[in-house]
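Architecture and fold: a report
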Amino acid sequence: MLTATRRIFFFGADDLAGINAGKEIVGGKGASLQELSRAGLPVPPGFTISVDCCREFHAAGRRWPAGLEDELRQNLQRLERLTGRAFGQGRQPLLVSVRSGAAVSMPGMMDTLLNCGLHPALAEQLDPRDRDSFWTAYVAFVRFFGKTVAVISDAQFDAAEATALQQQHASGMARAELVATAFRALVQQQLGRPFPPTPWDALVASIEAVFDSWNSQRAIVYRKAHDIRGLHGTAVTVQSMFPSQVSGVAFTANPASAAEEVIIESSYGLGEAIVSGAVTPDRFVVDRPDLSIRDRHLGHKAHAMLPLGASSQSSLDPHAASLADEEILNVARLALQVEEHFGHPVDIEWALADGKLALLQSRGIRGLDVARDVEICRQAEIARLQSQAGSRRKVWVVHNLAETLPRPTPLTWDVMRRFTSGRGGYGLMYRDFGYQPSETVLRDGFLELIAGRIYLDPDRAAELFWSHLPLEYDLDQVLADPSVIETAPSKFQAAKADGTFFLRLPGVLWKMFRGSRAMRRARRGAAERFNREILPNYLADLDRARQVDLRQMTVNEVLGQLESLTIRILDQFGKESLKPGFFGGVARSSLEALLIQLFGPAQGQELCLQLTSGIDGDTTLEQNICLFRVGQNEETLLQFLQKFGHRAVNEMELAEPRWSEDPAYLEQLLAVYRRGQTPSPRMLHETKRQKRLEVEADLPRRLDEVGGSSFREQIQALAAEAQMLLPYREIGKHHLMQGYALLRAGLTELARRWDLGRDLFFLQHAELSQFEQQSAALKQLIAARKIRWQAARRLDHPAQIDSEQLADFGRPRVLQAAQQYSVVALAPGIVEGTVHVVDDPKQAGDLGGDAILVCSSTDPAWTALFVAIKGLIVERGGVLSHGAITARDFGLPAVALADATRLLQPGIRVRIDAERAEVTVIATAANENPTSG
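Rules used throughout
- Residues numbered from 1 in each chain as written.
- Predicted model: local features only at pLDDT ≥ 70, side-chain atom pairs only at ≥ 80, totals over all residues.
- Heavy atoms only, no water.
- Helix = DSSP H or I, 4+ residues; strand = E, 2+ residues; numbered from the N terminus.
- Buried < 20%, exposed > 50% of the residue type's maximum accessible area, 1.4 Å probe, protein only.
- Contact = heavy atoms within 4.5 Å.
- Areas by Shrake-Rupley, 256 points an atom, 1.4 Å probe, with all protein chains shown as cover.
- Axes fitted to C-alpha atoms, helices over the stretch in contact; angles between N-to-C directions.
- Parallel < 35°, antiparallel > 145°, perpendicular 65-115°, else oblique.
- Nonpolar A, V, L, I, M, F, W, Y, C, P; charged D, E, K, R; others polar.
- pLDDT = per-residue confidence, 0-100.
- Phe/Tyr/Trp six-rings, centres within 6.5 Å; stacked < 30°, edge-to-face > 60°.
- Pairing = 2+ DSSP bridges.
- Patch = residues over 30% accessible without salt bridge, like charges linked within 9 Å, V, L, I, M, F, W, Y side chains within 5 Å.
- Salt bridge = Lys/Arg side-chain N within 4 Å of Asp/Glu carboxyl O.
- Lys, Arg positive; Asp, Glu negative; His and termini not counted.
- Charge placed at Lys NZ, Arg CZ, Asp CG, Glu CD.
- Expected span 1.5 Å × (residues − 1).

We now examine the overall build of the chain. Along the backbone of the chain there are 31 helices and 25 strands. Residues classed as buried in the chain amount to 53% of the 933 residues present. Taking as baseline every contact in the chain between residues at least 6 positions apart, the subset at least 24 positions apart corresponds to 67%. As presented, the chain carries roughly 41300 Å² of accessible surface, and 50% of it is formed by carbon and sulfur atoms.

See the structure below:
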């Protein structure tokens, strides 16, 4: 094919007839511009350097492929002839943009350079009236070039500008020229070589910068996060700059709601100001049927980026509309014309100069299929829940598994549904205790996935214990206090008692008595049996499984290995891993009940929290200590990964890479630790442990004061049992995750063979064995499930669902603003700090020393951040949730506040008072005090 020798493709060129210049050759941007040019739409001329050039550039150690330079010069000359301008020369020079464009869109992840062709000598060639705008544009070019090529920060440029302006009087140079000189010197210093002296040198450096950005950290992370595979590099599009007076974007459908309307955003100057967030653009909404302007909102455009020759910044009114009504409609018509050409809704980048529109780019609207599915998903879930309820009332409440598995993929949900069913590890534990789950619970478990979030069904949860007893939970009581589900149901339902109930009752009572004795025996030796028998055998089995070479197995053999491991890990070991921690929870509940009886609710709960804090043996604490030691160069990252590499953020999700597969998050945390501004987790733990020992020593005196000395031995025994067994909640999970990593290894081997990547996890378990025979149909199912999975995430998930109030399920709830919020205390203490709302611990960065971390929930990966914060606010979780246990161990006040991530805005100052169970907003902005205290 001709593409074997052709490296550059000119937009819409006649000599491209019959040549494949699709997105795999010229990237998505290049392919779109080729198509739009052929269609006769107003695209500024240009050309695209192929993806293969990027691949060859990196393969040859950053050397250009043979022939590329000559071909680039030829196409640049062609561009000069077409525009009638010389590159970087004359009163009206040809300037170009240099943009990236892979076959799969990666917005913002790779580099773009604008106004390439500017150089200081050009100032003398321009009309004197244009020299001020030249230096302004050149400053922007040098700054953008330095940030892109030399990775210079805004702070460094700001400092260089401030220093230069101090010398302005002595130099006699104009302000912008002086700043440009300072910026060039900074870039040269950072690069260790001269700033590109000629337009050609700048073009070469800009192209290489785009090639290099393919391997930038942000691009690599983006490809991993979005499971982008099979790409070899980015194309580079070189396009003549359009002298934009106004530019922006337009969508032919609302990307958020899928409404049939044209959304236009615009600002003065170059469109990069909108893309980068430097300005708040004007926004116009145009109805599609009659092209009437339905809505308009003026933004703030004081930091618009102007092209060479445009009006000076001071002449623009940032508060006036950037488009007249007729111009708004012209943009809408152009966008709809592009949509008609491609046959699907699009977003376009456009520019306007002297009444002429230019089309700079076009794409299909990302996420529109998801937006369209949101309401369909909501209605489908309402119909499903109504069908489950039938003529009776049902409720569902968020289960604590949602803390560590917030949005399970279909395959992960299949695995977890089995684990929590009566036949899986969780149910087997209850059966070992003598309970008799119903057939429904044995088959389906007691959890329900509703719009992608895990809820508990109280009706099925009641059947986890004694299937033949007509007992149930009081639904109103469950809605008022979901914690009642932590104990067996007690409400007698006479309608469920058939004629044989009283005949069967003696046998059921005898089984209940035997089960109670079995639990007492198991409780006494839980930790010893786990450490002596269960764990060594399990770890030996895992070692043997690791020796198996999955790549040498057939698909059926891999599937068989996965099934046997699932039984061994989640069923056999799963039930045993839960028992010690379960009994620790029982001991803690008994301890709290006794202390409340003696000291009252507030003091009793506080004392129980203190007696179960600072406990040794927690693997999460050991993990954080080990990582901190890596940050202090006392251990290596490899040593850490050997111990904890099987863990991960959101680790219950099988689709998530383990830290041993991708340590990027750990590197982020280590960068914070290496700054030396975070205290040692060992020291924090020791402080909390000493506090607990002080409370234990003072316990006899406090019991004397309330006349409870006779309970001292019982309280001490319960406290000791809770302290010994509660760490097994994390110990058990730590070892369970070792097996989980092996399950993931088998699944990723199948994904490798089938070239599915993360898509494999959108199959259901039963479909794995069918994939090779039904791959085409199953790939279609995967695509549909991914859309539904993403649509479900956009729904507002309430903590409780009542079948009698389903009409508004999933719609955004209206939250009442407040200065003070009642909360659930999770860990004791009072602290003030600045709110940091974090969705993903991987993106937390440096929280500083005054942070109150606000997040939906936490799992072990989050707790590495705990050494850098003052307090924790989660949206859900109880006193035995992971976040609560670890916060107490770190001595961090912690509370649960529903919808905290929406109620508390980043940057406000709050006071957490766990003793009074309150969160108070004490400053909404700098020097603004809404409260008097």
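Close contact between helix 23 (residues 619–631) and helix 26 (residues 681–705) brings their axes to 8 Å; oriented N to C, the two are set at 140°. Classified by the interaxial angle, the pair formed by helix 23 and helix 26 is oblique. Of the residues in helix 26, those in contact with Leu621, Asn624, Ile625 and Phe628 of helix 23 are Pro681, Arg682 and His685. In the contact of helix 23 with helix 26, the residues fall into four nonpolar, two polar and one charged.

Bringing the confidence of the model for the chain into the picture now. In this model, the chain carries an average pLDDT of 86, and 88% of its residues clear a pLDDT of 70 or more. Below pLDDT 50 for its whole length, residues 926–933 participates in 13 contacts with residues either more than four positions away or in separate chains.

Before going further, it helps to spend a moment on the packing of aromatic side chains. Counted by the stated rule, this structure contains 29 aromatic pairs. For the ring pair Phe57 and Phe211, a centre distance of 5.1 Å and an interplane angle of 40° mean the geometry is tilted. A residue pair is termed long-range when its members are at least 10 positions apart, and Phe57 in helix 2 (residues 51–59) and Phe211 in helix 8 (residues 199–213) qualify at 154 residues. When its relative accessible area of 0% is taken as the criterion, Phe57 is described as buried. Ring plane angle 40° and centroid distance 5.3 Å describe the contact between Phe640 and Phe644, whose orientation is recorded as tilted. Separated by four residues within a single helix, Phe640 and Phe644 lie in helix 24 (residues 637–644), roughly one turn from each other. The pair formed by Phe640 and Phe644 is uniform in burial state, with each residue classed as buried.

Turning our attention to the sheet that holds strand 9 (residues 293–297). Here six strands make up an open sheet; going across it, the order is 9-8-7-6-10-11 and the pairing antiparallel. Strands with a single pairing partner mark the edges of an open sheet, and in this sheet they are strand 9 and strand 11 (356–364). On average, adjacent strands in this sheet sit at an angle of 20° to one another, irrespective of strand direction. Packed on one face of the sheet, helix 11 (residues 325–342) meets strand 6 (246–251), strand 7 (261–268), strand 8 (282–287), strand 9, strand 10 (346–353) and strand 11 and runs near 140° to strand 10.

Attention now moves to a positive patch on the surface. Together, Arg517, Arg520, Arg521 and Arg524 make up a positively charged patch on the protein surface. Positionally, Arg517 belongs in helix 19 (residues 501–524). Classification of Arg517 as partly exposed rests on a relative accessible area of 39%.

Moving on, we get to the pairing of strand 11. As defined by bridge partners, strand 10 adjoins strand 11 across eight bridges and the pair is classed as antiparallel. Its bridge partner being in strand 11, Leu352 is matched across the sheet by Leu357. The turn joining strand 10 and strand 11, which pair antiparallel and follow one another in sequence, is formed by two residues; a positive phi near 50° is taken by Asp354.

Its location among the elements puts Arg692 in helix 26. Taking relative accessible area as the criterion, Arg692 reaches 8% and is therefore assigned buried.

This part takes up the pattern of salt bridges. In a structure, side chains of opposite charge can pair up when their charged atoms sit close to one another. Summed over all chains, the structure comprises 69 salt bridges. Across the pair Glu721 and Arg523 runs a salt bridge whose closest N-O atoms are separated by 2.7 Å. Note that Glu721 is positioned in helix 27 (residues 712–725) and Arg523 in helix 19, a separation of 198 residues in sequence. Close ionic contact of Glu832 with Arg911 constitutes a salt bridge, the shortest N to O distance being 3.0 Å. Within this pair, whereas Glu832 is found in strand 20 (residues 830–837), its partner Arg911 is found in strand 24 (residues 909–913), the two being separated by 79 residues in sequence. If you follow the salt bridges from partner to partner, you end up with Glu381, Arg384, Arg392, Lys394, Glu448, Asp457, Asp459 and Arg460 in one network.

Quick look at the packing of helix 12 (residues 368–389) against helix 29 (residues 775–793) now. Geometry of a packed helix pair, given as the angle between the helix axes and the separation of the axes. For the pair helix 12 and helix 29, interaxial distance at closest approach is 8 Å and the crossing angle is 75°. What the angle tells us is that helix 12 and helix 29 run roughly perpendicular. Between helix 12, through Asp369, Val370, Asp373, Val374, Ile376, Cys377 and Ala380, and helix 29, the contact on the second element is made entirely by Ile787, Arg788, Gln790, Ala791 and Ala792. Broken down by class, the residue content of the contact of helix 12 with helix 29 amounts to eight nonpolar, one polar and three charged.

Helix length check: helix 8 (15 residues) gives 21 Å between terminal C-alpha atoms against 21 Å at 1.5 Å per residue, within 8%. Most of helix 8 is tucked away: 13 of the 15 residues are buried.

Turning our eyes to something else, we now look at the sheet that holds strand 22 (residues 869–874). Strand order in the open sheet made by the eight strands is 18-25-24-20-21-22-23-19, with mixed pairing throughout. On the outer flanks of this sheet lie strand 18 (820–822) and strand 19 (824–827), each paired with one strand and no other. Pairwise comparison of adjacent strand axes, ignoring direction, gives a mean angle of 30° for this sheet. Pairing between strand 20 and strand 21 (residues 851–855): four bridges, direction parallel. Of the residues in strand 21, the one forming a bridge with Val837 is Val854.

Our next topic: the pairing of strand 25 (residues 918–923). Among the six residues that make up strand 25, six are buried, leaving the element largely enclosed by the rest of the structure. Bridge analysis of strand 18 against strand 25 gives three bridges, and the strand direction is antiparallel. Across the sheet, Tyr821 pairs through a bridge with Val919, a residue of strand 25. Both strand 24 and strand 25 contribute to a ladder of five bridges, which runs antiparallel. Opposite Ile912, over in strand 25, you have Val919 as the bridge partner. Connecting strand 24 to the antiparallel partner strand 25 that follows it, the hairpin turn spans four residues, and Ala917 within it adopts a positive phi of roughly 55°.

This part takes up helix 7 (residues 175–191). In a regular helix each residue adds 1.5 Å, so 17 residues correspond to 24 Å; helix 7 covers 24 Å between its end C-alpha atoms and thus fits that length. Looking only at helix 7, the buried set comprises Leu178, Val179, Ala180, Ala182, Phe183, Arg184, Leu186 and Val187. Taken from the residues just after helix 7, Gly192 is the one with a positive phi, measuring 75°.

By the secondary structure assignment, Thr234 is in the loop between helix 9 (217–225) and strand 5 (235–240). Judged by relative accessible area, which is 0%, Thr234 ranks as buried. Residue contacts for Thr234: discarding those within four places in its chain leaves Ser50, Val51, Cys54, Ser100, Gly101, Ala102, Met110, Val210, Phe211 and Trp214.

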